[in-house]
There are 2 protein chains.
Amino acid sequence: MFALALVCALAFTTTVSLAADPLPSWNDTAPKKAIVAFVEKVIKEGSPDFVPVPERIATFDNDGTLWAEQPMYFQFFFALDRVKALAPQHPEWKTKEPFASLLKGDVQGALAGGERAMLEIVMATHTGITTTEFEQIVKDWLATAKHPKTNRPYTEMVYQPMLELLAYLRANGFKTFIVSGGGIEFMRPWTEKVYGIPPERVIGSSIKTRFEIRDGKPVLVRLPELNFIDDKTGKPVGINSHIGRRPIAAFGNSDGDHQMLQYTAAGGAARFCLLVHHTDGEREWAYDRNSSIGRLDKALDEAQAKGWTVVDMKNDWKVIYPFEKR
Amino acid sequence: MFALALVCALAFTTTVSLAADPLPSWNDTAPKKAIVAFVEKVIKEGSPDFVPVPERIATFDNDGTLWAEQPMYFQFFFALDRVKALAPQHPEWKTKEPFASLLKGDVQGALAGGERAMLEIVMATHTGITTTEFEQIVKDWLATAKHPKTNRPYTEMVYQPMLELLAYLRANGFKTFIVSGGGIEFMRPWTEKVYGIPPERVIGSSIKTRFEIRDGKPVLVRLPELNFIDDKTGKPVGINSHIGRRPIAAFGNSDGDHQMLQYTAAGGAARFCLLVHHTDGEREWAYDRNSSIGRLDKALDEAQAKGWTVVDMKNDWKVIYPFEKR
């Protein structure tokens with residue numbers, strides 16, 4: 001068996017290294033070259049930058065890094081639909097902000113409270129049910145909801161170049177994790193199918209849950225109480241809590257990812273930090289320093305100062321979404 | 001390549017199924033038969049009990065299930081040594097319980113407060129340093145500390161039959177997780193080496209951490225504030241938080257594991273729940289309903305009522321520790 005095992009191992013190694021371009025949707029510009037150079041460096045046994053397989057941890061932000069986040073975080077569209085669905089059970093929302101504005105169709109008014117207000121709406125519309133019930137609600141919503149601009153299902157508005165990057169890293173022994181400010185249980189029902197990332201490799205913001213026996217069956221009830229905000233300084237905390245190892249590569253697009261990239265960069269010699277810069281107003285959206293969603297300002301300054309890789313979506317990506325290829 | 005890949009896949013499949021007994025330290029009694037029957041059932045494609053690989057989640061308690069827990073939780077021995085090491089910096093401990101008793105050598109007096117008091121001591125001695133510093137302290141302690149009865153390093157006091165079970169499950173596509181009341185960062189420095197379980201598959205009790213830039217470097221500081229107690233009803237909560245899927249198999253030894261087993265059993269058709277019953281006062285320790293550590297009472301009643309598997313350590317295990325085999 002050992003000889004056959006060796007043949008098989010060599011065969012697969014050869015397959016990987018001789019395979020066609022693993023990043024076909026990336027132009028041959030600096031970011032692609034930097035990614036490939038980093039991966040080849042850390043997988044090369046005997047090299048000073050070699051990283052053993054178990055330590056090849058790569059963390060990805062979700063909103064604006066793996067899928068789009070304009071004109072609002074997609075989870076917020078879900079929350080709006082939930083507000084409408086739940087309004088009959090919550091008469092108090094008629095006079096209570098930000099719900100009152102939402103129910104009048106004034107999304108901008110509700111958004112005035114910023115990201116914190118958004119999170120509040122999300123929490124208020126995501127609780128009082130079991131984890132199993134919530135999972136089904138998310139799945140049902142994704143099956144029918146459409147993005148207001150593209151009229152596509154939200155799970156089709158993922159970035160093709162990033163799907164290729166996830167697969168490329170995994171083919172080289174990396175474990176890929178999501179580390180998002182979005183709700184952990186909003187992402188888990190679909191990340192395995194869409195990104196190849198199973199629930200246990202998804203880290204996000206969360207509310208508290210409580211174990212109960214209901215009708216003789218053990219369930220977890222979602223409580224209207226914040227547990228953890230996985231954003232900014234929370235991202236390294238979430239990474240430590242869920243992974244217990246510092247990533248060797250981190251991918252983000254906003255100041256919400258700044259500390260995750262700092263934490264990753266400080267881990268040792270061969271480290272890789274990348275920011276997706278939204279520069280394509282035609283195929284996607286163009287925004288950075290002045291955007292209320294996905295603001296990229298301080299992290300962009302540090303990326304330039306430290307030589308982190310910055311993807312210029314307009315010039316570095318051949319396609320944005322998978323459906324463009326069809 | 002496809003043909004070779006197929007040959008390789010078949011070759012390895014055959015290796016697994018024709019391999020020698022994967023559980024050689026288990027007697028051919030009911031528990032071993034139940035384990036093998038369960039595994040063969042869920043991995044058989046086309047069977048009504050078939051479970052796809054990504055959903056083959058198995059969760060293991062640690063203290064008393066994977067390694068010993070007498071005469072005290074091993075982490076508590078670590079905490080005692082930390083109390084002695086830190087006492088000069090904490091003059092207030094001389095008059096403050098439970099530290100005062102500990103410093104006088106009166107462990108029983110300190111233990112009077114029960115598991116909560118233990119946790120308090122653990123927390124007080126585990127904070128104020130960075131996560132990286134704590135990891136090193138744990139490693140240094142494990143390298144020299146010896147168990148008071150066997151005079152063996154603590155990491156040698158793991159159960160050989162359970163090591164075989166972990167490997168057997170992983171060889172059949174299971175993901176093995178630890179779900180322990182012990183400190184998550186006390187376990188992670190050594191679980192990969194000892195159990196083959198990497199840090200990201202370790203769930204435990206935790207304190208809060210805070211992201212800081214110290215001397216220009218990003219670190220996580222361990223705060224003297226409880227974050228989560230991963231015990232009893234906390235275990236299903238921790239499982240949901242870290243794994244996001246209900247286990248199909250769960251392994252414990254005490255009432256602290258009761259809700260984890262209930263939660264697992266309620267998940268569907270093919271589910272497996274096992275309790276390690278400490279019945280071997282000669283080779284290990286004999287304790288159950290009246291023990292202050294690892295009390296097994298209500299869970300044992302439910303195991304008997306529901307037909308969960310109960311391991312009688314004395315009669316079902318050929319050896320307890322790996323060093324007995326040498």
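Heads up: the structure comes first, above all this text.
Residues numbered from 1 in each chain as written. Chains lettered and ligands numbered in written order. Predicted model: local features only at pLDDT ≥ 70, side-chain atom pairs only at ≥ 80, totals over all residues. Heavy atoms only, no water.

**Student:** Quick question: what am I supposed to make of helix H3 (residues 74-86) of chain A here?
**Tutor:** Residue and element names in this part refer to chain A. With 13 residues, H3 extends 18 Å between its outermost C-alpha atoms, agreeing within 8% with the 18 Å of an ideal straight helix rising 1.5 Å per residue. Here H3 lies mainly inside the structure; 10 of its 13 residues are buried. Within H3 the residues assigned to the buried category are Phe74, Gln75, Phe76, Phe77, Phe78, Ala79, Leu80, Arg82, Val83 and Leu86. (Helix = DSSP H or I, 4+ residues; strand = E, 2+ residues; numbered from the N terminus. Expected span 1.5 Å × (residues − 1). Buried < 20%, exposed > 50% of the residue type's maximum accessible area, 1.4 Å probe, protein only.)

**Student:** Teacher, can you tell me more about the interface of chain A and chain B here?
**Tutor:** At the junction of the two partners, chain A supplies 40 residues and chain B supplies 39 residues. Approximately 3300 Å² of surface area, both sides summed, lies buried where chain A meets chain B, with 58% of it carried by carbon and sulfur atoms. At the boundary of chain A with chain B, the tally comes to 4 salt bridges. A salt bridge links A:Glu200 to B:Lys175; the nearest nitrogen and oxygen atoms lie 2.4 Å apart. There are 14 residue pairs in polar contact (both at pLDDT 80 or more) connecting chain A and chain B. At the level of elements, helix H1 (2-18), helix H7 (131-144), strand S2 (175-183), helix H9 (184-195), strand S3 (202-214), strand S4 (217-228), helix H10 (234-242) and helix H11 (258-265) of chain A are the ones that each hand at least two residues to the side of chain A that touches chain B. (Contact = heavy atoms within 4.5 Å. Buried area = accessible area lost by both parts, 1.4 Å probe. Salt bridge = Lys/Arg side-chain N within 4 Å of Asp/Glu carboxyl O. Polar contact = N/O pair within 3.5 Å; in protein donor to acceptor, adjacent residues only side chain to side chain.)

**Student:** Which parts of the structure should I look at to understand the packing of H7(A) against H9(A)?
**Tutor:** Packed helices, taken two at a time, are described by their axes: the angle between them and the distance between them. All names here are of chain A. Direction vectors running N to C along H7 and H9 enclose 65°, while the axes themselves pass 9 Å from each other. Considering the relative orientation of H7 and H9, their crossing is right-handed. Residues Thr131, Phe134, Glu135, Val138, Lys139, Trp141 and Leu142 of H7 pack against Glu185, Phe186, Pro189 and Trp190 of H9. Tallied by class, the residues present in the contact of H7 with H9 amount to 7 nonpolar, 1 polar and 3 charged. (Axes fitted to C-alpha atoms, helices over the stretch in contact; angles between N-to-C directions. Left-handed = near helix turned anticlockwise from the far one by under 90°. Nonpolar A, V, L, I, M, F, W, Y, C, P; charged D, E, K, R; others polar.)

**Student:** Is there a simple way to think about the pattern of salt bridges in this case?
**Tutor:** Taken as a whole, this structure holds 34 salt bridges over all chains when the rule is applied. The partner of A:Arg210 in a salt bridge is A:Glu212, with the nearest N and O atoms 2.8 Å apart. Residue B:Lys235 is joined to B:Asp257 by a salt bridge in which the shortest nitrogen-to-oxygen separation is 2.6 Å. Here the residue B:Lys235 occupies a position in helix H10 (residues 234-242), and B:Asp257 occupies one in the loop between strand S5 (249-252) and helix H11 (258-265), the gap between them amounting to 22 residues. Taking the relative accessible area as the measure of exposure, B:Lys235 reaches 1% and is therefore buried. Judged by its relative accessible area of 1%, B:Asp257 is buried. Here the residues in one salt-bridge network are A:Asp21, A:Asp28 and A:Lys32, joined through shared partners.

**Student:** Would you mind going over helix H2 (residues 30-43) of chain A with me for this structure?
**Tutor:** Because the α-helix completes a turn every 3.6 residues, residues three or four places apart line up on one side. All names here are of chain A. With 14 residues, H2 ought to run about 20 Å at 1.5 Å a step, and its terminal C-alpha atoms sit 20 Å apart, in line with that. The set of residues buried in H2 consists of Pro31, Lys32, Ile35, Phe38, Val39 and Val42. Down the axis of H2, the smallest arc covering the buried residues is 135°, so these residues share one side. Among the exposed residues of H2, those pointing more than 90 degrees away from its buried face are Ala30, Lys33 and Glu40. Looking at the packing, one finds that the buried side of H2 touches helix H8 (160-171), strand S5 (249-252), strand S6 (272-277), strand S7 (309-312) and helix H13 (313-316). (Arc of directions from axis to C-beta.)

**Student:** Help me understand the sheet that holds S3(A) in this model?
**Tutor:** Hydrogen bonds between backbone atoms are what pair the strands of a sheet, whose relative direction is either parallel or antiparallel. Residues and elements named next belong to chain A. Judged by pairing direction, the sheet is mixed, and its 7 strands sit side by side in the order S4-S3-S2-S1-S5-S6-S7 without closing on themselves. Because the sheet does not close on itself, it has two edges, and the strands there are S4 and S7. Across the sheet, the mean angle separating the axes of adjacent strands is 30° when strand polarity is ignored. Contacting strand S1 (57-60), S2, S3 and S4, H10 crosses the sheet at an angle of about 130° to S2. (Pairing = 2+ DSSP bridges.)

**Student:** How should I be thinking about the pairing of S5(A) in this particular structure?
**Tutor:** In the case of a regular strand, side chains alternate between the two sheet surfaces. All names here are of chain A. Residues of S5 alternate between two faces, with Ala249 and Phe251 on one and Ala250 and Gly252 on the opposite face, all of them buried. One ladder, built from 4 bridges, connects S5 with S6; its direction is parallel. Directly across from Ala249, in S6, lies its bridge partner Phe272. In this fold, S5 hands off to H11, which returns the chain to S6; that crossover is right-handed. (Right-handed = clockwise from strand over helix to strand, strands pointing away.)

**Student:** Can you help me understand the relation of the copies chain A and chain B in this one?
**Tutor:** Comparison of the two chain copies shows a relationship of rotation about an axis with a shift along it. When chain A is fitted to chain B, the best match, at an RMSD of 0.0 Å, comes from turning it 180° and sliding it 0.0 Å along the axis. Viewed as a symmetry operation, the transformation between the two copies matches a two-fold axis. Of the residues that chain A buries at the interface, 98% are likewise interface residues in chain B, meaning the two copies contact each other through the same surface. (Least-squares fit on C-alpha atoms with pLDDT ≥ 70 in both.)

**Student:** Is there a simple way to explain the environment of B:Gly182 in this structure?
**Tutor:** Residue and element names in this part refer to chain B. With respect to the secondary-structure elements, Gly182 resides in strand S2 (residues 175-183). On the basis of relative accessible area, Gly182 is assigned to the buried category, the value being 9%. Counting along the chain gives 61 residues from Gly182 to Ile121, while the straight-line C-alpha distance between them is 13 Å. Setting aside chain neighbours within four positions, we find Gly182 in contact with Asp63, Gln75, Met187, Gly204 and Ser205.

**Student:** When you look at the side chain of B:Ser206 in this model, what are you seeing that I'm missing?
**Tutor:** All names here are of chain B. In this structure, Ser206 sits in strand S3 (residues 202-214). By relative accessible area, Ser206 is classed as buried at 15%. Contact partners of Ser206, with chain neighbours within four places excluded, come to Met123, Ile184, Leu226, Asn227 and Phe228.

**Student:** Any chance you could explain the packing of aromatic side chains here in plain terms?
**Tutor:** All names here are of chain A. Summed over the entire model, instances satisfying the criterion amount to 38 aromatic pairs over all chains. Summarising the aromatic geometry, the rings of Phe38 and Phe174 are spaced 6.3 Å apart at their centres and angled 55° between planes, so their arrangement reads as tilted. With a gap of 136 residues between them, Phe38 in helix H2 and Phe174 in the loop between H8 and S2 connect regions that are remote in the sequence. Comparing Phe38 with Phe174 shows no difference in burial state: the two are buried. Taking 4.7 Å as the distance between ring centres and 55° as the angle between the ring planes, the aromatic pair formed by Phe74 and Tyr154 counts as tilted. Note that Phe74 is positioned in helix H3 and Tyr154 in the loop between H7 and H8, a separation of 80 residues in sequence. Here Phe74 and Tyr154 have matching classes, each one buried. (Phe/Tyr/Trp six-rings, centres within 6.5 Å; stacked < 30°, edge-to-face > 60°.)

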